[in-house]
Amino acid sequence: MNPSILVINCGSSSLKFALTDPRDGSTPLSGLAEKLGLADASITFRHDGEKNGHPLQDGTHSGAMKAIIDKLDELGLADAVAAVGHRIVHGGERFKESILIDEDVILGIGECSRLAPLHNPGHLLGIRSAMESFPALPQVAVFDTAFHQTLPERAYRYALPASLYHDHAVRRYGFHGTSYRFVSTAAVDMLGKPLEETAMVCAHLGNGASAAAVLGGRSVDTSMGLTPLEGLVMGSRSGDIDPGLFNYLASALDLDTQGVTDLLNRQSGLLGLSGLSNDCRELEIAAANGHEAARLALDIFCYRLAKYIAALVVPMGRIDALVFTGGIGENSAAIRAQVIGLLGFLGFELDSPANERTIRGKAGRITTQRSVPALVINTNEEDMIARDTARLAGLAA
Ligand code: AMP
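Source: prediction; values computed, not measured.

1. What about the UniProt feature "binding site: substrate" (unreviewed entry) in the chain?
Then, in step 1: As annotated in UniProt, the feature "binding site: substrate" (unreviewed entry) corresponds to Arg87 in the numbering used here.
Then, in step 2: Examined against the element boundaries, Arg87 turns out to sit in strand E6 (residues 81-88).
Then, in step 3: When neighbours within four sequence positions are excluded, Arg87 is seen to be in contact with Ile8, Asn9, His123, Val142, Asp144 and Ile385.

The structure is reproduced here in structure tokens:
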């Protein structure tokens, strides 16, 4: 059996995992433990196209990890696990690439918790329980922020007092970096041009959404900032707003800063605009049935995205390709068509039949031959984490 990587994406109350073969990206077993820490914690497994699950007797992160090991044993896959790769949302300025985990790295991830209080503490729980469960295996941390550590200072600094950067780490970090690394590398195969010579804008459009300018394989600017709230319109996040809104809402609605933060993160975006849903597919159906607010929400989503894509051409001076990925980017022909329609002045021209058929797992070019290429690429962050982990663990990938 090929040595495989157990890829773990652990939140404060959930643990997503995938056993991945880094050679071909295949995933013989994957799953999700949910509601960890609560009485009704459960785990679901996917194996051989079948999905099954059960409540967790021990509903802690360690209990979930034990259930995963039991399942690996039951399927005869336990001996294949050769290393564990952890997705980590925030690596601050310290972690510029993936790294083998030791106590010092754990401390560093802990220090970044102030920048990602909803994510990094959960990742640490995952690391600790994986280390308990697999004490002999190498563990690797792969950071969402690392790919954007190549941003030049003029792109990552806010126009705020310099002490905020020096004393409080206030700067733009960017996210979705593992996805951008995967799709920008994959795009090169389709473009037939070396990565070093390519200027592309990649748009990762899922429930969270961002875009990045990738020049010669390096991120040079991106839409998300200190937190994943900045930039594009998202499922329930507002993206860019006037910072003056904080004070205005605090007095108009008598909210404290946490109240405004919740409003911007959980009640805004497509959900807030439509009053209906954060789900793009649902909104497309509603808009087709005449729901005016759903139509407006999608319109604003596309307009903001097109504006950002055009702005992200500035740091590169040109654009050789546009890449769509994430649940919306990979599946919504309507969103892609609208965005490309707004970008005609940059040399984009939609190939409508190609766009309509490039959905549900298909990848490829959706613009005409004379257009600047726009590509749809199915992202695979787990595969990227598995490849990094195999490399750092010294396994031939
Ligand atoms: P992700 O966070 O990458 O899983 O993406 C989730 C988003 O993808 C949700 O807004 C879904 O509505 C959207 N999505 C998935 N499939 C489709 C589809 N066929 N058409 C439009 N949006 C889709």
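2. So, the sheet that holds strand E14 (residues 374-376)
Then, in step 1: Taken in spatial order, the six strands make up an open sheet running E11-E10-E9-E12-E14-E13, and their pairing is mixed. Since the sheet does not close on itself, it has two edges, and those belong to strand E11 (218-222) and strand E13 (364-365), each with one partner.
Then, in step 2: By the bridge criterion, two bridges tie E13 to E14 in an arrangement that is antiparallel. Residue pairing for E14: Gly364 is matched across the bridge by Val376.
Then, in step 3: The strands touched by helix H6 (residues 177-191) are strand E9 (199-205), strand E10 (209-215), E11, strand E12 (321-325), E13 and E14; relative to E9, the strand with the most contacts, the crossing angle is about 130°.

3. A few points about the pairing of strand E4 (residues 42-47)
When a strand is regular, its side chains alternate between the sheet's two faces.
Then, in step 1: Pairing of strand E3 (residues 29-34) with E4 involves six bridges; the strand directions are antiparallel. Directly across from Leu29, in E4, lies its bridge partner His47.
Then, in step 2: Taken together, the six bridges between E4 and strand E5 (residues 50-55) define a ladder with antiparallel strand orientation. Its bridge partner being in E5, Arg46 is matched across the sheet by Lys51.
Then, in step 3: Taking the residues that link successive antiparallel strands as the turn, the E4-E5 hairpin has two residues, and the phi of Asp48 there is positive, at about 55°.

4. Regarding the packing of aromatic side chains
Then, in step 1: Taken as a whole and judged by the stated rule, the model has three aromatic pairs.
Then, in step 2: On the basis of an interplanar angle of 5° and a centroid distance of 4.5 Å, the ring pair of Phe95 and Phe143 is categorised as stacked. Separated by 48 residues along the polypeptide, Phe95 in the loop between E6 and strand E7 (99-100) and Phe143 in strand E8 (residues 139-143) bring together distant segments of the chain.
Then, in step 3: Ring centres of Tyr156 and Tyr165 lie 5.9 Å apart, and the angle between their planes is 45°; on these two criteria the pair is classed as tilted.
Then, in step 4: Note on Tyr156: relative accessible area 12%, which makes it buried.
Then, in step 5: Overall, the relative accessible area of 14% leaves Tyr165 in the buried class.

Calculation rules
- The numbers attached to residues start from 1 for each chain and follow its sequence in the written order.
- Predicted model: local features are reported for residues with pLDDT of at least 70 only, side-chain atom pairs are reported and counted for 80 or more only, and whole-chain, interface and lining totals are derived from all residues.
- Side-chain numbers come from the whole structure's heavy atoms, not from hydrogens or water.
- UniProt positions are given in the numbering used here, feature names are shortened, and annotations may be inferred rather than shown by experiment.
- In this description a helix means any DSSP run of H or I spanning at least four residues, a strand means any run of E spanning at least two, and both kinds are numbered starting from the N terminus.
- Residue contacts are counted whenever heavy atoms from the two residues lie within 4.5 Å of one another.
- Note on pairing: DSSP must find at least two bridges between two strands before they are called paired.
- What counts as an axis is a line fitted to C-alpha atoms, over the stretch in contact for a helix, and the angles between N-to-C directions run from 0 to 180 degrees.
- To pair, rings of Phe, Tyr and Trp, with the six-membered ring standing in for Trp, must have centres within 6.5 Å; the planes then decide the type, stacked if under 30 degrees apart, edge-to-face if over 60, and tilted in the middle.
- The buried label applies to any residue whose accessible area, calculated with a 1.4 Å probe on protein chains only, is under 20% of its type's maximum; exposed applies above 50%, and partly exposed to all values in between.

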